[in-house]
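A closer look at the structure
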Number of protein chains: 2
Amino acid sequence: MRPTTKDLAKAAGVSLATVDRVLNGRSGVRKKTVDAVNDAIKKIGFERNQLAATLARKRGYRFGFVLPKEGDEFLEEILVRIREANITWRAEMIEVKAIRIDEHDPHKAALALSKVSTKDFDGVAVMAPETPQIRDAIKRMRERDIMTIPFIANQQDIEKDNFVGINNRAAGATAGRLMGRFSCGRTGTVAVINDTMQSRDSLERRLGFDAISNQFFSNLTILPSLETFGDPERTHKIIETTLNANANLLGVYIIGSEARVPLEAMERLGHDRHLTVLAHERTPSTTSALKKGTLAAIITQDTGHLVRSAVRILRAKCENRSALASQERIRIEILIAENL
Amino acid sequence: MRPTTKDLAKAAGVSLATVDRVLNGRSGVRKKTVDAVNDAIKKIGFERNQLAATLARKRGYRFGFVLPKEGDEFLEEILVRIREANITWRAEMIEVKAIRIDEHDPHKAALALSKVSTKDFDGVAVMAPETPQIRDAIKRMRERDIMTIPFIANQQDIEKDNFVGINNRAAGATAGRLMGRFSCGRTGTVAVINDTMQSRDSLERRLGFDAISNQFFSNLTILPSLETFGDPERTHKIIETTLNANANLLGVYIIGSEARVPLEAMERLGHDRHLTVLAHERTPSTTSALKKGTLAAIITQDTGHLVRSAVRILRAKCENRSALASQERIRIEILIAENL
DNA sequence: CTTGACCTGAGGTACGTACCTCACTAGACA
DNA sequence: TGTCTAGTGAGGTACGTACCTCAGGTCAAG
């Protein structure tokens, strides 16, 4: 049988009350006694029964997902997974909620984060650009004892091991390799399209893409990144211009996570050019483009896994445990029509 | 607040004891009363608190993984994940264990399965070839009230929706598409290597591979499958023969899940032929071959996900719930050096 | 020596469910 | 009329932990 708090009390030579004080970090215990209890924990291999603990606490955990206010299909995917997570963990008394922030207005965003209170949330996963205001807001949330982890978008200064998301340099490199192999040694240019190159994630993908191209595929010339700023009209225009200006265009790499608009433009303007088009994230648009053949491949991460992983890590942090690393590594997936 | 059994008793106009009898399927309750309780469950939206339930039961669940006695790296991967699963779910009182069977001796295997008792296991995930003896043994386990699901290797007749594993036809098709794209339109032959073509999974992969090749890549001629029967010497010999007999060999598709020996042979005998080699399952051998460039890509399934999914489904079945389908779909993953 | 701050123990209740015993009732049957 | 039985209710204990109160103890400062 697994040792209980009672066994622990006996082993440490203290009362149940003291065990409780130590386990839950309450004050009023001499350092010496704390050590004695901790030694006993190791000695008898005590492990808190989380079932009983959460039952006794009369409430489970509430976690928030800080997400941008604006978004298209990829964001919707995440919202769906958050709804699913509520079903998955209802029996374990875990509730999950989205918190939307205006990512283009760092002040408003920071303000929204400052309103997140211990009363409402035990922890939050933050998907937000890396600005000083956000960084500060995160720091202050932690001071309020709210567990905080970066989500999908990395925040440089935060402990790296808790980041839930992919290595974007590797994701870009993966795209680079696929572009190279699919171009079959032909000589030509490749266009790179993105919402904005301001974000760290985009930069890293571009870096990874360029590194592989330069090293292995000298037949390809990668053009400077084109920024759409999320504007459909502008997107069409720059794609049209690029197609006209590059007769020897072989491929297009859509860096951002919202590929719908660029893909629509590609289907309208470039369907007769037999281009190798690569995009990120599995969404209705990318999926259908893959089936139609507009897209050669999708580089994606599993949104369900992302959300569940964040929840597991937040819970582990709340319970002062460490999560199982191998379960939480988010994989960079390659999708083609056959393995959709 | 969530309704409890007490609320349910009040709503149904019965006592707690009766509610307990109905919820846990005990005898001695009139049909009319059972219906009344079930109606009340729906009406007030009662949902059993699993935390409290497992705590009160004084024991969690014990699940078994029926695996072949013999195996190489892929099997070892699964064993590692089973060990990890024990860590993941220790707090929820779930124990997982491997049960090894001799898959080449259907009688012994069936005998081993017949020894699995309700005392030791609440449910098992079975990875075994589809023979009449095994099918029978599984049927009898179910009669003994042990939850049983097919694992990795599908069993045709068992309810399909509980199968934990990938669609092998799609996996073969994925390999076919990659082989086609990587061959860049060159004309030549492709060899297919496998332990044995006896298993349904191998056949399905081959079918998927052929379908894509025939439809889209008429430049490729797919050779008949070569069977190694797990014998290293034989493997070397048939690979050597194939290499010598096919001057225009473009690629090799290793169908089986244990690719170590064929890969070693390829590295020894075919490293100067610039072949496109594809294999299944992420293992130390395939990973290192991918890094070295011997392999063009790996088509794999996440073993951790497989094991966890099986556990979640078994638990759901024990608790008379349905698992969340979207979480349990095992993905066919493509690995190249960049997204390892 | 007294005071007060700090530490510790004893004992309780509660969480929501499982599982047990016992008593009671209504109706069937002899 | 009495006996039997299936169905039901009342009440309890237990699981392992959290959280509460209160009583008593130690020890240093005054």
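Provided above is the structure to which this section pertains.
1. What about the packing of helix 11 (residues 260-269) of chain B against helix 12 (residues 284-292) of chain B?
Residues and elements named next belong to chain B. At their nearest, the axes of helix 11 and helix 12 sit 9 Å apart, and the two run at 30 degrees to each other. Taken together, helix 11 and helix 12 sit at an angle that is classed as roughly parallel. The handedness of the crossing between helix 11 and helix 12 is left-handed. Contact with helix 11, carried on its side by Arg260, Leu263 and Glu267, involves Ser285, Thr286, Ala289 and Lys292 of helix 12 and no other residues of that element. Partitioning the contact of helix 11 with helix 12 into residue classes produces two nonpolar, two polar and three charged.

2. Considerations on the packing of aromatic side chains
All names here are of chain A. By the definition in use, this model includes nine aromatic pairs over all chains. Between Phe65 and Phe151 the ring centres are 5.0 Å apart and the planes differ by 70 degrees, which places this aromatic pair in the edge-to-face class. Here Phe65 is found in strand 1 (residues 61-68), whereas its partner Phe151 is found in the loop between strand 4 (147-150) and helix 8 (168-182), with 86 residues between them in sequence. Here the two residues Phe65 and Phe151 agree in accessibility, since each one is buried.

3. Thoughts on helix 10 (residues 232-245) of chain A
Residues and elements named next belong to chain A. Between its first and last C-alpha atoms helix 10 spans 20 Å; for 14 residues at 1.5 Å apiece the expected length is 20 Å, and the two agree. Looking only at helix 10, the buried set comprises Thr235, His236, Ile238, Ile239, Thr242 and Leu243. Two or three places before Glu233, at the start of helix 10, stands the capping residue Asp231, its side-chain oxygen 3.0 Å from that residue's backbone nitrogen.

4. Here's the deal with the interface of chain B and chain A
Every contact between the two is made by 42 residues of chain B and, on the other side, 41 residues of chain A. For the pairing of chain B and chain A, the buried interface totals around 4100 Å² over both sides, and the portion due to carbon and sulfur atoms is 54%. Run the count over chain B and chain A and you get ten salt bridges. The interface formed by chain B and chain A includes 16 residue pairs in polar contact (both at pLDDT 80 or more). Looking at the side of chain B that touches chain A, the element that brings in the most residues is helix 8 (residues 168-182) of chain B, giving seven residues.

5. Side note on the relation of the copies chain B and chain A
Overlay of chain B on chain A (RMSD 0.2 Å): rotation 180 degrees, translation along the axis 0.1 Å. On the angle and the small slide along the axis, the relation comes out as a two-fold axis. The overlap is high: 98% of the interface residues of chain B also sit at the interface in chain A, so the same surface is used on both sides.

6. Focus on the state of the cysteines
This model, assessed by the stated rule, comprises one disulfide over all chains. Across the disulfide from Cys184 of chain A sits Cys184 of chain B; the S-S distance is 2.0 Å. Between Cys184 of chain A and Cys184 of chain B the sulfur-sulfur dihedral comes to about -90 degrees; the bridge is accordingly left-handed. Of this pair, Cys184 of chain A sits in the loop between helix 8 and strand 5 (188-194) while Cys184 of chain B is found in the loop between helix 8 and strand 5 (188-194), placing the two residues in two different chains. You can call Cys184 of chain A partly exposed: its relative accessible area is 32%.

The rules we used
Residues numbered from 1 in each chain as written. Chains lettered and ligands numbered in written order. Predicted model: local features only at pLDDT ≥ 70, side-chain atom pairs only at ≥ 80, totals over all residues. Heavy atoms only, no water. Axes fitted to C-alpha atoms, helices over the stretch in contact; angles between N-to-C directions. Helix = DSSP H or I, 4+ residues; strand = E, 2+ residues; numbered from the N terminus. Parallel < 35°, antiparallel > 145°, perpendicular 65-115°, else oblique. Left-handed = near helix turned anticlockwise from the far one by under 90°. Contact = heavy atoms within 4.5 Å. Nonpolar A, V, L, I, M, F, W, Y, C, P; charged D, E, K, R; others polar. Phe/Tyr/Trp six-rings, centres within 6.5 Å; stacked < 30°, edge-to-face > 60°. Buried < 20%, exposed > 50% of the residue type's maximum accessible area, 1.4 Å probe, protein only. Expected span 1.5 Å × (residues − 1). Polar contact = N/O pair within 3.5 Å; in protein donor to acceptor, adjacent residues only side chain to side chain. Buried area = accessible area lost by both parts, 1.4 Å probe. Salt bridge = Lys/Arg side-chain N within 4 Å of Asp/Glu carboxyl O. Least-squares fit on C-alpha atoms with pLDDT ≥ 70 in both. Disulfide = S-S within 2.5 Å.

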